[in-house]
Every structure is written in structure tokens, then in C-alpha cells.
Amino acid sequence: MIINKKNIKMIFIFVITLIINIPIPYFLSFSSIKTIYNVMQLGIFAFYFILLIKNNKIEKLFLLICLYYVSYIFSTFINSGSIEYCLYIFKCMIPCLNLIAIIILFYKKYDKQILVSTLLFLIVAIVINFMTILLFPSGLYIGNNSNAHYFLGQRNDLIEYILPCLLCFSIYNYKYKTSKFAFYIFYFICMFSVILTWSANAMLALLFTYMYLLFFSNNSKKNIFCPLNIFKMSFVISYSIIVLKIQNLFSWIIEGILHKSLTFTGRTYIWDKSLEYIKKSFLYGYGKESEVTKLYKIGHGNSCHNYFLDFFYEGGIIMFIIIFLIILNLNKAYKKCSNIKYKNITIAIFIGYFIVGIATPIHLNTICYLFYSIYILRYLLNEEEKT
């Protein structure tokens, strides 16, 4: 990138915007700082929303992501009538729309600056998180759920920051030819971070994503993978494990050789209880509930520990259809794209996300990073290859 005042100015603006809309979990442990974040996010939202309307930039994918949050608010209000929880969901939606607005308004003209800004912010955050894991192995602080938390939250949260960063790194490396050595160092920091906190799902997701980027990213042959097929495969695997209990067929490997439990650290109990309640409110789910209510119902105060169960539990078939349409929207761009490298980067990141989704929670306050990644991919796939 040519260093000039305009580039530095745009990078500075984007970094500040990302800092405000991707708040560091450690800072959010201080209530006064949380309030400051909320006020700044609302200010940015008002500004960006006016720009979107003025420039007629309201897109179908943007509306679908809005509908995800609207369905969540609807389910919450129908079940509990809690205005407080509805406002919380709205507050989670604001930074998501701000992040998406950055892509809609500026990506075509300032793609390089957006990628650099995202990398600068997330790499620094991930490295600091790695240092807190080394210095405070028992946790930098204890969160509301009594679990050890680090700079970027509890151990399962880290992958939600790594995958968007890995996406931007992969795009930047391909388009602007940066150091592969730096990419490898970053990958090893990420892998050691999830190993040290022993997040098995994140380890698998990173391993398969990296292996795909390393060995298949230049593959020019047509394959069966696409975002929609990966989504379907993850759903089938989830169904096979949660409903059909296929893991019992491999008990001799899981228990005898790997010395792991067939319950996936108690997740099978949570999954079974979640299914019972999903059947009772299949249409629109239960929305946001208190931790006490959720703990009583499914045995966990946070989540069903599976992306698909979380979608069905929180928003029923309505929310699941909205998510399906979001994936379908990206899939259409994938099918039209002729750039094999762009397509393979998309597949690698989707493999990571939907391996994670098999046994990891969806978090209302961080799903926006998944939507941010989807939007970057959508705009990437729509690009004409630069020569």
C-alpha cells in the first residue's frame, strides 16, 4: 500500500470505528466503559444509517441480517414481554449494522484500507489475548458465569475473533502479496492460544481452515464445496451426533483410545433438553431468557452449544429460515464468481465456522463478527479480479 495522508487518515477512521463496534470483552467488564461504548455505537449508527438511506444502499442481505435481530426481539417479547431483553438485543444489533455499513459504504473504494484496519485491530487484540493466557493461565478475570476470562473473553470466544482476522489476512495476502512468514506466525499464535486454553472445537476449526488454505486454495478444479453445501453438511453432522447419537458407534475409539467422554463434556445432556423445548415452540422459539431460566430448562445458562440448536431454540424455524436465506444470498455470489482463489478462501473460512458450530455456542453479542465476515466475502466474490 502506498503510504500517504489519505490512506493513513482512512485507516485511522476505520480502526477507531472497529474499536468502538468490536469492543474488547475485558473493557466491558467495567460498567462505565460499557455505557460509553453503547453511546458511541449509537452515534455511529445514526451517521451511517443516514448515509445508507441517502445513497440508496439498503441491500437484501442487509435487510436479512436486520430480520435476524427482529425475529429475536419478536420471540423474546412474545415469550416474556421483557422490554429490557428486547432493548439488549437492539443494542447488540447496532454494532453489527455499523460493521456491515462500513463494507457497504466503503469497501469498493477502500478495500485495502478496510482489510489493513481490521488486521491491525484484530491481530493486536489476539496477540494481547495470547499474552494474557501466558501470564494469567487461570484467567485475567472471572466473568458472570464464573468461567476464567482473558483479554478477548472466555476461551470459546477467541475463535470468533480469529476467523474474521484469518479471512482478512488471506484476502490481503492474495491481493497485495504480503509476507507469508507473518501469516504463519499469526497462525501459530492462534493455534497455541486455543491449545493452551484447550478449546477442542476451535483447534479442529483452525486446523481444517489452515489445511484448506495451504493445500487447496490454488486448486482450480471444480469441487462439491460451496457455502450452502458446507451449511448443509454441518447440519447433517449435528443431526447425526445430537439426534442419532452416531458417536456411540465409535465408542471404542473415543473412550478406549482418545479417553474422551461420549457426552462431549456434558453437551449431550444440554442437546437432549434443548430438543425437548424446541419441539414445544418450534415456530418462533423462546428469544432471550435469563440465565436462571435457561439453566433450569436446558441445563446451561448460556446456550445450547450448537449453532443450529441455538437458532431453533432462540428464534424457531423463523430464525433458521432467515439464517438459511443469508447463506443462500452468499452462495449466489459464490456461484457467479470466476476467481478460484476468492472461492477457496470463502470455503476455508466457512469450514472453520461450521466446524465450530457443531459444539460451540452462538453468542448474541458476537454473531455480528460472523455477519461481518459474510459481508466481506459477499463483496469479495462480487469483485472483478484485479490484474
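Thresholds applied
- Residues numbered from 1 in each chain as written.
- Predicted model: local features only at pLDDT ≥ 70, side-chain atom pairs only at ≥ 80, totals over all residues.
- Heavy atoms only, no water.
- Helix = DSSP H or I, 4+ residues; strand = E, 2+ residues; numbered from the N terminus.
- Rg over C-alpha atoms; globule rule 2.2 N^0.38 Å.
- Buried < 20%, exposed > 50% of the residue type's maximum accessible area, 1.4 Å probe, protein only.
- Contact = heavy atoms within 4.5 Å.
- Areas by Shrake-Rupley, 256 points an atom, 1.4 Å probe, with all protein chains shown as cover.
- Phe/Tyr/Trp six-rings, centres within 6.5 Å; stacked < 30°, edge-to-face > 60°.
- Lys NZ or Arg CZ within 6 Å of the ring centre and 35° of its normal.
- Pairing = 2+ DSSP bridges.
- Salt bridge = Lys/Arg side-chain N within 4 Å of Asp/Glu carboxyl O.

Draft legend 1. Spotlight on the overall build of the chain. When you go through the chain residue by residue, the secondary structure sums to 15 helices and 3 strands. Relative to the compact-globule value of 21 Å for 387 residues, the chain shows a C-alpha radius of gyration of 20 Å, a close match. The dimensions of the chain, computed from C-alpha atoms along their principal axes, are 55 × 50 × 45 Å. Counting across all 387 residues of the chain, residues that qualify as buried make up 55%. Put simply, 76% of the contacts in the chain that link residues at least 6 apart link residues at least 24 apart. Of the roughly 18300 Å² that the chain leaves accessible, carbon and sulfur atoms contribute 68%.

Draft legend 2. Just the packing of aromatic side chains, in detail. Applying the stated rule across the entire model yields 43 aromatic pairs. Both rings, one in Tyr212 and one in Phe225, keep their centres 6.2 Å apart while their planes meet at 85°; by these two values the pair is edge-to-face. On the criterion of sequence distance, the pair formed by Tyr212 in helix α8 (residues 200-215) and Phe225 in the loop between α8 and α9 (227-242) is long-range, its members being 13 residues apart. Exposure remark for Tyr212: the relative accessible area of 6% places this residue in the buried category. Feature note: the residues Phe231, Phe235, Phe282, Tyr307, Phe308, Phe311, Phe312, Phe320, Phe324, Phe350 and Phe354 constitute an aromatic cluster, connected by ring pairs. A cation over an aromatic ring shows up here: Lys288 above the ring of Tyr85, its NZ or CZ 5.3 Å from the ring centre. Between Lys343 and the ring centre of Tyr334, over which it is positioned, the NZ or CZ distance is 4.7 Å.

Draft legend 3. Spatial organisation of the environment of Tyr313. Take Tyr313: it is sitting in helix α13 (residues 307-336). A relative accessible area of 0% means that Tyr313 is categorised as buried. For the pair Tyr313 and Gly287, spaced 26 residues apart in sequence, the C-alpha to C-alpha distance is 7.5 Å. Look past the residues within four positions of Tyr313 in its chain and what remains in contact with it is Ser274, Tyr277, Ile278, Gly285, Tyr286, Gly287, Glu289, Lys294, Lys297, Ile298 and Cys304.

Draft legend 4. Examining the sheet that holds strand β2 (residues 148-150) more closely. Sheet architecture is open: 3 strands sit in the order β1-β2-β3, paired in antiparallel fashion. Two strands close off the open sheet at either side, each with one partner strand: β1 (141-142) and β3 (153-154). Sheet topology places β1 next to β2; 2 bridges connect them, and they run antiparallel. By the bridge assignment for β2, Tyr141 is matched with His149.

Draft legend 5. Region of the structure containing the pattern of salt bridges. One pass over the structure, following the stated rule, counts 7 salt bridges. Lys273 is paired through a salt bridge with Glu276; the nearest N and O atoms lie 3.8 Å apart. Here Lys273 and its partner Glu276 are both found in helix α11 (residues 267-280), 3 residues apart, which amounts to about one turn of the helix. Under the relative-accessibility criterion, Lys273 is labelled partly exposed at 22%. By relative accessible area, which is 40% here, Glu276 ends up partly exposed. When the shortest N-O distance is used, the salt bridge between Glu289 and Lys297 registers 2.6 Å. With respect to class, Glu289 is no different from Lys297; both count as buried. Look at the salt bridges and you will find they share partners, linking Asp111, Lys175 and Glu383 into a network.

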